[in-house]
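# Chains, contacts and geometry: an overview
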Amino acid sequence: MHTVEVSHLAKRFGDIEAVVDVSFAIEPGEIFGMLGPNGAGKTTTIRMMMDIFKPDAGSISVLGGPLDLPKKRRIGYLPEERGLYKDQKLGATLTYLAMLKGLDQKTAEGRLGQWLERFDLTDYRQKKVEELSKGMQQKAQIIATLLHEPDLIVIDEPFSGLDPVNTRLVKRIFEEQRDAGRSIIMSTHQMYQVEALCNRIVLINEGRSVLYGRVEEIKRNFAGNAVELKGQGDFTEIPGVLETRQLNGSWHLALEIGADPQDVFRALANRDGVKIDRFELAEPSLDDIFISVVQDGNHGSEAGHV
Amino acid sequence: MSNFWLVAKHEYRNVVMRRGFVIGTAAVPLGLALLIGMVILVERSSENRLPIGYVDQVGFLDENAQPAAADDEERIEIQAFADEASGVQALEQEEIQVLFVFPPDYPETVKTELYYLEKPPSNDVWREFDDFVRLNLVRGLPEDVAYRMLEGTNVVVYDTASDREFSESSIINVILPMVASFFFFFATMSAAGYLLGVIATEKENRMMETLLTSLTPGQLIGGKALGLLSATLTQLTVHIVTALLALKFASPVIEALQKAVIPWEYLGLLALFFFPAYTLVAAVMVAIGSAAVEMQQAQQVSGIVNLFFIAPFFLVALLFSNPNHPIIVFMTLFPTTAFLTVSLRWGLGSIPTWQLGLSWVILVGSTAFMIWAAARIFRAGMLRYGQPLTFKGALASLRNQ
């Protein structure tokens, strides 16, 4: 049984089509990446999953059916727009939020002690939230998401505001949650985090899911859509190339979907003043794939990725 | 504990633990205690319990016919003197504090002479001696006639429409609605003000999306409304209890209170109108709080909207002079002014049953509509961070969602 199953979801706000056609499913015990440019419809999709917005069309099944209050208690949600009661004490706020999720006060306070220790926030338990730094508040919000041990964790940009040490800690915690059989949906723009953590992804663009599947399979399908070369000369504005980046003395070219690397090589070879020392197909990063699909509009779906 | 009660408890604790609330709650009792203490101190320091002297040159007063003292009252002794000279001498030797002389032509002139040293007689002295003279004047008359004359007139008016009684002794039934209207209205607007603040702050704090995955909007808003109303009523109870304790020091008022019959009909009416009225105000505040970007903007809008609720206070003169004026009838029926107008009108006369019934139906209907509308505006406005929900947008949310 899927933890979440979203099928042909659509939502319109007045004249704006926020979500046109989004479908995906999430397995138990996986970290699922939800990607897409700003305004693609990710947050609206999550809000429909969370029953904050009602969809105009399509169906959503969460934890085995429509979302109701008992199921909401099994979800930990870290929204994109988030905060805590600034004028209240950290410990009391987190305990209150855990109690709203069904924990009794004693259990909530007991678990909170362990989480605060893990996040190095024990000394701040009796302090007001407004006295905490942005990073500390971010860690507190992650605690609020996990304190009631949810079966489904939905997190939007979980690493924003965290230093590298705490980023590593949070990643480790998410991996632990996944290993404990919990499903995690992670929406982020940090592609390297998605590559490091996610088993599968969906890429949403202009309200449509345009790419969906296992990360390795997607990368395999997109092999040939990136080229790495070494040499001298002008490597910009090459036909069939979406983006050119210089990396450690090499050039990384992200190609348009369907562009032939041989054609790119020929185009470069015919250029005056260009000298090529090395030209090879590169395994595309999720960044490349993201750019390829997003800049090519709906080519992703036409290419049969969804 | 259900989430509704958890939210209510959380909001209640949040408000009552605030320094401003504690100071606001304690300020009235402390202020009253200070005031009463000062009054008592001044009274004690100027209290004069020396006897009152009198010279009766007419021969109508009997020194032994003195009014009976109430249980908790010590009367000032009244002492007769054979002639003016002995009375004045006693006054000069400070054996008495004041001397009244009734000259032989008193029955014709109804004029007495008064001697005192430095301070004119206090109200207590006047009251005591007045009672003594009145008692002597009715001495010898049949007991019921004497009682009637001492008590004076008390016209009782029966209203056949409402089967209610209006009399001088039931003046408390006029005062009570005034006081209750003020207190309950204060509670309503105060709790609604808190609610407005909480909703706007919730939006500013970006807590709403997290909370909505644990609670239904009904639990969230209902719990907050109940918690905040409870906090306001707590404050109000402290103030009312303090005021009642203070009244113990004001014996004339206590006397009126003792004569008063508890107006159960009024209390029932108050309860019937109070809850839908509070819910209506709360729903309006939720809608404003959800639509506004920040607290300041919400307060500006609510300040204008509040005028629709407090309008009866502006027309209180008209209410007193003509409680059945068409404008007052309109305010009785208009949902935002219904509670206050009905409450104030009750003490001034009877309200036709059809007006009461229609007013309540309109109030409850408007409240139900406002809850529906507020829920939609809340859903549309709460997640619009940094941008207000325009009036047009709010109307669209009522049509679309």
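Here, the structure is the one placed above.
Scope of this entry: the structure provided in the associated data block. Counting starts from 1 at the beginning of each chain's written sequence and moves along it residue by residue. The order in which chains are written sets their letters, starting at A; the order in which ligands are written sets their numbers, starting at 1. Totals for whole chains, interfaces and linings use all residues, but because this is a predicted model, local features are given only for residues with pLDDT of at least 70 and pairs of side-chain atoms are given and counted only at 80 or more. The basis for the side-chain values is all heavy atoms of the structure; hydrogens and waters are excluded.

Helical segments are the DSSP runs of H or I of at least four residues, strand segments are the runs of E of at least two, and each set is numbered from the N terminus. Helix and strand counts for chain A come out as 11 helices and 13 strands. Each of the three principal axes of chain A carries a C-alpha extent, and together these read 75 × 45 × 35 Å. Residue burial in chain A is summarised as follows: out of 306 residues, 55% are buried. Contacts were defined at the residue level, with two residues in contact if any of their heavy atoms lie within 4.5 Å. Counting contacts in chain A only where the partners sit at least 6 residues apart, residues at least 24 apart contribute 69% of the total. A 1.4 Å probe and the Shrake-Rupley method give the accessible areas. Residues count as covered only by the protein chains that appear here. Just so you have it, chain A exposes about 13500 Å², and 45% of that area is on carbon and sulfur atoms. Treating the 37 positive side-chain charges of chain A as one cloud and the 46 negative ones as another, the clouds have centres 7 Å apart. Relative accessibility thresholds used throughout: buried, under 20% of the residue-type maximum; exposed, over 50%; partly exposed, between the two (1.4 Å probe, protein chains only). Asp and Glu count as negative and Lys and Arg as positive, but His and the ends of the chain are not part of the count. Taken as the charge centre is NZ of Lys, CZ of Arg, CG of Asp or CD of Glu, depending on the residue.

The next thing to look at is the side chain of Glu 128 of chain B. If you trace the backbone, Glu 128 of chain B turns up in helix 5 (residues 123-137). Setting aside anything within four residues of it in sequence, one finds Glu 128 of chain B in contact with Ile 52, Arg 75, Ile 76 and Ile 78 of chain B.

What follows covers the environment of Thr 336 of chain B. Residue and element names in this part refer to chain B. With respect to the element layout, Thr 336 can be found in helix 15 (residues 335-348). Counting along the chain gives 112 residues from Thr 336 to Lys 224, while the straight-line C-alpha distance between them is 21 Å. Dropping the residues within four chain positions of it, Thr 336 is found in contact with Leu 280, Phe 308 and Phe 309.

The next thing to look at is the interface of chain A and chain B. Contact with chain A, which involves 23 residues of that partner, is made by 22 residues of chain B. Joining two parts hides part of their accessible area as seen by a 1.4 Å probe, and the buried area is that hidden amount summed over both. Broken down residue by residue, the surface that chain A buries against chain B is led by Tyr 85, Tyr 96 and Leu 100 of chain A, which jointly contribute 24%. The working definition used for a salt bridge is a side-chain nitrogen of Lys or Arg within 4 Å of a carboxyl oxygen of Asp or Glu. Where chain A packs against chain B, one counts 2 salt bridges. Between Glu 209 of chain B and Arg 47 of chain A there is a salt bridge, with its nearest N and O atoms 2.8 Å apart. Secondary structure elements with two or more residues in the side of chain A that touches chain B: helix 2 (69-72) and helix 3 (90-100) of chain A.

Moving on, we come to the packing of aromatic side chains. Each aromatic ring pair is described using two quantities: the centre-to-centre distance and the angle formed by the ring planes. Whether two aromatic rings pair depends on their centres lying within 6.5 Å, for rings of Phe, Tyr and Trp, where Trp uses its six-membered ring; planes under 30 degrees apart make the pair stacked, over 60 edge-to-face, and the rest tilted. Under the definition given, this model contains 23 aromatic pairs over all chains. Of the aromatic side chains, those joined through ring pairs into one cluster are Tyr 54, Phe 60, Phe 100, Phe 102, Tyr 106, Trp 126, Phe 129 and Phe 132 of chain B.

Further remarks concern the sheet that holds strand 11 (residues 241-247) of chain A. All names here are of chain A. Strands qualify as paired when DSSP identifies two bridges or more between them. Taken together, the 4 strands give an open sheet; going across it, the order is 11-12-10-13, and neighbouring strands pair in antiparallel fashion. Only two strands of the sheet have a single neighbouring strand rather than two, namely strand 11 and strand 13 (275-281). Direction aside, neighbouring strands of the sheet carry axes that sit 25° apart on average. For strand 10 (residues 226-232) and strand 13, the ladder comprises 6 bridges, and the chain directions are antiparallel. Considered in strand 13, the bridge of Val 227 is made with Leu 281. Against the sheet, helix 9 (residues 261-269) touches strand 10, strand 11, strand 12 (250-255) and strand 13, its axis set at about 175° to strand 13. Here the axes come from fitting lines to C-alpha atoms, over the contacting stretch only for helices, and the angles between their N-to-C directions go from 0 to 180 degrees. The strands that helix 10 (residues 286-295) touches are strand 10, strand 11 and strand 12; relative to strand 11, the one it contacts most, it runs at about 155°.

All names here are of chain B. The sheet built from 4 strands is open, its strands ordered 2-1-3-4 with mixed pairing. Edge positions in the sheet fall to strand 2 (78-81) and strand 4 (113-116), since each has one partner strand and no second. Averaged over all pairs of adjacent strands, the angle between their axes in this sheet comes to 25°, without regard to strand direction. Sitting on the sheet, helix 5 touches strand 1 (52-56), strand 2, strand 3 (98-102) and strand 4, and the angle it makes with strand 3 is about 35°.

Another aspect to go through is the pattern of salt bridges. All names here are of chain A. All told, the structure shown has 19 salt bridges over all chains when counted by the stated rule. Between Asp 51 and Lys 54 there is a salt bridge, with its nearest N and O atoms 2.8 Å apart. For Lys 54, a relative accessible area of 46% translates into the label partly exposed. One salt-bridge network, in which partners are shared between bridges, spans Asp 51, Lys 54 and Lys 72.

With that settled, the discussion passes to the environment of His 239 of chain B. Residues and elements named next belong to chain B. Tracing the sequence through the fold places His 239 in helix 9 (residues 217-247). Using a relative accessible area of 10% as the deciding quantity, one classes His 239 as buried. In the structure, His 239 is positioned 212 residues away from Ala 27 in sequence and 9.2 Å away in space, judged by C-alpha atoms. Contact partners of His 239, with chain neighbours within four places excluded, come to Gly 24, Thr 25, Val 28 and Pro 29.

Once that is clear, we can look at the pairing of strand 6 (residues 152-156) of chain A. Residue and element names in this part refer to chain A. Along strand 6, 5 of the 5 residues are buried, which leaves the element largely enclosed by surrounding structure. Residues Leu 152, Val 154 and Asp 156 of strand 6 are buried on one face, and the alternating residues Ile 153 and Ile 155, pointing to the opposite face, are buried as well. Sheet topology note: the strand 5 (residues 75-78)/strand 6 ladder contains 4 bridges and is parallel. Its bridge partner lying in strand 6, Tyr 77 is registered against Val 154. Two elements, strand 6 and strand 7 (residues 183-187), share 5 bridges in a ladder whose sense is parallel. Paired with Asp 156 across the two strands is Ser 187, which belongs to strand 7. Orienting the strands away from the viewer, one traces the path from the first strand over the helix to the second; a clockwise path indicates a right-handed crossover. Since strand 6 and strand 7 lie parallel, the crossover through helix 6 (residues 164-179) that links them has a hand, and here it is right-handed.

On to the side chain of Arg 200 of chain A. Residues and elements named next belong to chain A. With respect to the element layout, Arg 200 can be found in strand 8 (residues 200-205). Overall, Arg 200 belongs to the buried group, its relative accessible area being 9%. Polar contacts, as counted here, are pairs of nitrogen or oxygen atoms within 3.5 Å of one another; within protein the pair requires one atom able to donate a hydrogen and one able to accept it, and residues that are adjacent in sequence qualify only if both atoms are side-chain atoms. At 2.4 Å, the side chain of Arg 200 forms a polar contact with the backbone oxygen of Ala 25. Filtering out sequence-adjacent residues up to four positions away, Arg 200 remains in contact with Ala 25, Ile 26, Glu 27, Glu 30, Ile 31, Phe 32, Gly 33, Tyr 212, Gly 213, Arg 214 and Val 215.

Right, let's get into the nonpolar core. We define the nonpolar core as a collection of buried residues of types Ala, Val, Leu, Ile, Met, Phe, Trp, Tyr and Cys that are connected through side-chain atoms lying within 4.5 Å of one another. Grouped together as the largest cluster of nonpolar side chains are 149 residues, with contacts concentrated most on Val 4, Phe 24, Leu 94, Phe 119, Ile 143, Val 154 and Ile 185 of chain A. Counting residues per element, this core draws most heavily on helix 11 (residues 264-291) of chain B, at 17 residues. Beyond its immediate chain neighbours, meaning those up to four positions away, Phe 24 of chain A contacts Val 4, Glu 5, Val 6, Phe 32, Met 34, Thr 45, Met 49, Val 202 and Tyr 212 of chain A. Listed in part, the 14 residues of the second largest apolar core include Phe 60, Leu 61, Ile 78 and Val 98 of chain B.

All names here are of chain B. For a helix, the expected span equals 1.5 Å multiplied by the number of residues minus one. Spanning 14 residues, helix 15 covers 21 Å between terminal C-alpha atoms, matching the ideal 20 Å at 1.5 Å per step. Values of bend correspond, residue by residue, to the angle between axes fitted over the seven residues ending at that residue and the seven starting there. By the largest-angle criterion, Thr 341 marks the main kink of helix 15, which is about 30°. Counting buried positions over the 14 residues of helix 15 gives 13, a clear majority of the element.

The contact between helix 3 of chain A and helix 1 (residues 3-16) of chain B brings their axes to 10 Å, and the two run at 160°. As judged from the angle between their axes, helix 3 of chain A and helix 1 of chain B are roughly antiparallel. For the crossing formed where helix 3 of chain A meets helix 1 of chain B, the hand is left-handed. Contacts from Tyr 96, Met 99 and Leu 100 of chain A of helix 3 of chain A reach helix 1 of chain B at Asn 3, Leu 6, Val 7 and His 10 of chain B. Every angle not falling under 35 degrees, over 145, or within 65 to 115 is termed oblique; those three ranges are roughly parallel, roughly antiparallel and roughly perpendicular. By the definition used in this description, the sense in which the near helix is turned from the far one sets the handedness, with an anticlockwise turn below a right angle giving left-handed and a clockwise turn giving right-handed.

Relative to strand 12 of chain A, strand 11 of chain A is paired through 6 bridges, and the arrangement is antiparallel. Directly across from Leu 247 of chain A, in strand 12 of chain A, lies its bridge partner Ser 250 of chain A.

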